[in-house]
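Working through the structure, step by step
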Amino acid sequence: MNRNQGDQFIFIQAPSYRKPRATSIKSKKTDPLAMPYGGLYLAESLMRKNISMCILLGEIEELTAQISQHVGQNTIAFGMSSYSGDMLKSALIIARYLRTNYPNIPIVWGGVHVTAVRTGSLIHELVDFIAWGEGEQSTPQLLEAISNGSKPEDLKNIKGIGYKVNGKTFITPSQPATPLNRSFNLPYHLVDMERVKRKMLIGCERFFGVTSSRGCPFRCTFCSNSSTSNPLAANLRYHAIDDVVQNISVLVNKYGADCIGFQDEVTVVEKKRIVELCDGLRSLGKDIKFRMQTTISTILRWDDELLKYLRDNNFVALDYGVESGSDRILKFIGKKITVKQIHEAQRRLKNMGFYQSYNMLFCLPTETVVEMKESVRMFVHMARETKYCPYPFSRMEPYIPLPDTLLYNIAMKHGFVPPTTMEGWTEFDSQQFAERRKRLRPWLSEEKAYFAALILKASDTISDLFTGPDANHDLIDYHLNEMEKLIDYPLEDIIDKKTQMIDHSEDLKWKRSSFI
């Protein structure tokens, strides 16, 4: 890039300040950043159209310095990508900086939040255009239209975008699904790869993530893939095996990857796809470890022979969603599994020698204290059964009403009121649980919220103790035993005797007055 000319499209991935997952070992200098998958696929598409693009990552202060190095007279637009929550808060800060310092360059927003809250995003003063859904086809057309000074009547023919005319918003229909049956030569050179590599507790120094599929057919009601208006969310589509292997070979041979994580919503379901994937990965001729995302129902569908085949081909870790220890809640959130099946899948993976990592969710609308306790029981049991794993779970996550999901409408029936501003959506993460109770989870009574706070504190404490092979299992057992006591106490006793429930409760920041 000629520094005076600038990149035509400057893609900025806003930072998130959520607590880093302990699956990765923190660097002494900085925590690893998320791999910008969306930015890489968008860059590949733009470069095929001879549109220059850069991908900027980092903390806010770093990003503002980087922007000045890439902006120039050829710059058509800035691109912002964000989830709801604290990442959106960072994105708005950066967008304000862009508007102040480069007022004549439009800002195009994309990503999960904008796709879910299209009109609500587009009306914001810092949003000039949106590209919703998959942006590889719509964004090049939009940038060309902006560059040519196209009139509004020309923009209406570009699918998958939003624009404004005299303050009025216009959203065009979804763009077609991006064809995946071709080679995507992802431009990793645009990313500071040292900032996105991770040292993993499963035993690797240079872990990188990849994507091999898009969409998810399981439609859990709390998940963004249960979108009621994005037609591509629930449609599972696979990248070509040759393309997946080619991109992994670049990460291995050029960037020294010794472990690859498939970061898809669901990496693979069918046996045929597993065999083809493993055959392709073997062609790398390297001793590389692999980790993938899957589901309980998929694990139960695979026979022992297939699981052994995965293990023999260096798939060492499987991640999956447990979500709840209550059969009613599992049905309520569309998991289509039972508690018995969860235990069966966990035992099978343990017997086959896989590391496991799983997610749990609570504080859902209609969830009772008894059902919360059932999830605590599940959490404690599975933690004990998976102590051989370097890091089996993060924490029990409180439910967040994600926009445009099936459970979102149910949350509104139980008192949740959606934000009316983009700033309001910046609170949509699991931080400040007590302070945000009435806004994010109004169905929780003060007493139930306090009980949930005890569970959060206990699960956080236990999660932090899983530090790999050198973890203090005696201390883990102690805290699991203390957490298990929550199951046996009536709720009124938990409130009255809260200082006796958990040994570290004197450090608990959840003051009862916070819930009033």
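Keep in mind the model is a prediction, meaning the values are calculated, not measured.

Rules used throughout
- Residues numbered from 1 in each chain as written.
- Predicted model: local features only at pLDDT ≥ 70, side-chain atom pairs only at ≥ 80, totals over all residues.
- Heavy atoms only, no water.
- Helix = DSSP H or I, 4+ residues; strand = E, 2+ residues; numbered from the N terminus.
- Rg over C-alpha atoms; globule rule 2.2 N^0.38 Å.
- Buried < 20%, exposed > 50% of the residue type's maximum accessible area, 1.4 Å probe, protein only.
- Contact = heavy atoms within 4.5 Å.
- Areas by Shrake-Rupley, 256 points an atom, 1.4 Å probe, with all protein chains shown as cover.
- Lys, Arg positive; Asp, Glu negative; His and termini not counted.
- Charge placed at Lys NZ, Arg CZ, Asp CG, Glu CD.
- Core = buried A, V, L, I, M, F, W, Y, C linked by side-chain atoms within 4.5 Å.
- Axes fitted to C-alpha atoms, helices over the stretch in contact; angles between N-to-C directions.
- Parallel < 35°, antiparallel > 145°, perpendicular 65-115°, else oblique.
- Left-handed = near helix turned anticlockwise from the far one by under 90°.
- Nonpolar A, V, L, I, M, F, W, Y, C, P; charged D, E, K, R; others polar.

Take the overall build of the protein next. Per the secondary structure count, the protein includes 21 helices and 17 strands. Its C-alpha radius of gyration of 23 Å places the protein within 12% of the 24 Å reference for a compact globule of 516 residues. In terms of overall dimensions, the protein has C-alpha extents of about 70 × 60 × 40 Å along its principal axes. Across the 516 residues that make up the protein, the buried fraction comes to 57%. In the protein, the proportion of contacts linking residues at least 24 apart, taken out of those at least 6 apart, comes to 76%. Counting only carbon and sulfur atoms, one obtains 49% of the accessible surface of the protein, whose full area is about 21800 Å². Charge centroids of the protein, computed over 65 positive and 60 negative side chains, lie 3 Å from each other.

Right, let's talk about the nonpolar core for a bit. Within the largest apolar cluster, 154 residues are counted, with the highest numbers of intra-cluster contacts made by I12, F78, W109, I260, F262, F315 and M483. Element by element, the count of residues in this core is highest for helix α18 (residues 446–465), at 11 residues. Ignoring anything within four residues of it in the chain, the contact list for F262 reads V210, S212, V244, I248, T267, L277, L281, F290, R291, M292, Q293 and F315. M200, C204, F207 and V316 belong to the second-largest nonpolar core, a separate cluster that totals seven residues.

Moving on: the packing of helix α1 (residues 37–48) against helix α6 (residues 138–147). Between α1 and α6, the shortest axis-to-axis distance is 9 Å and the interhelical angle comes to 55°. Regarding the angle of α1 to α6, the classification is oblique. Note that α1 runs across α6; the crossing there is right-handed. Within the contact between the two elements, α1 uses L42, S45 and L46 and α6 uses T139, P140 and L143. Of the residues contributing to the contact of α1 with α6, the split by class is four nonpolar, two polar and no charged.

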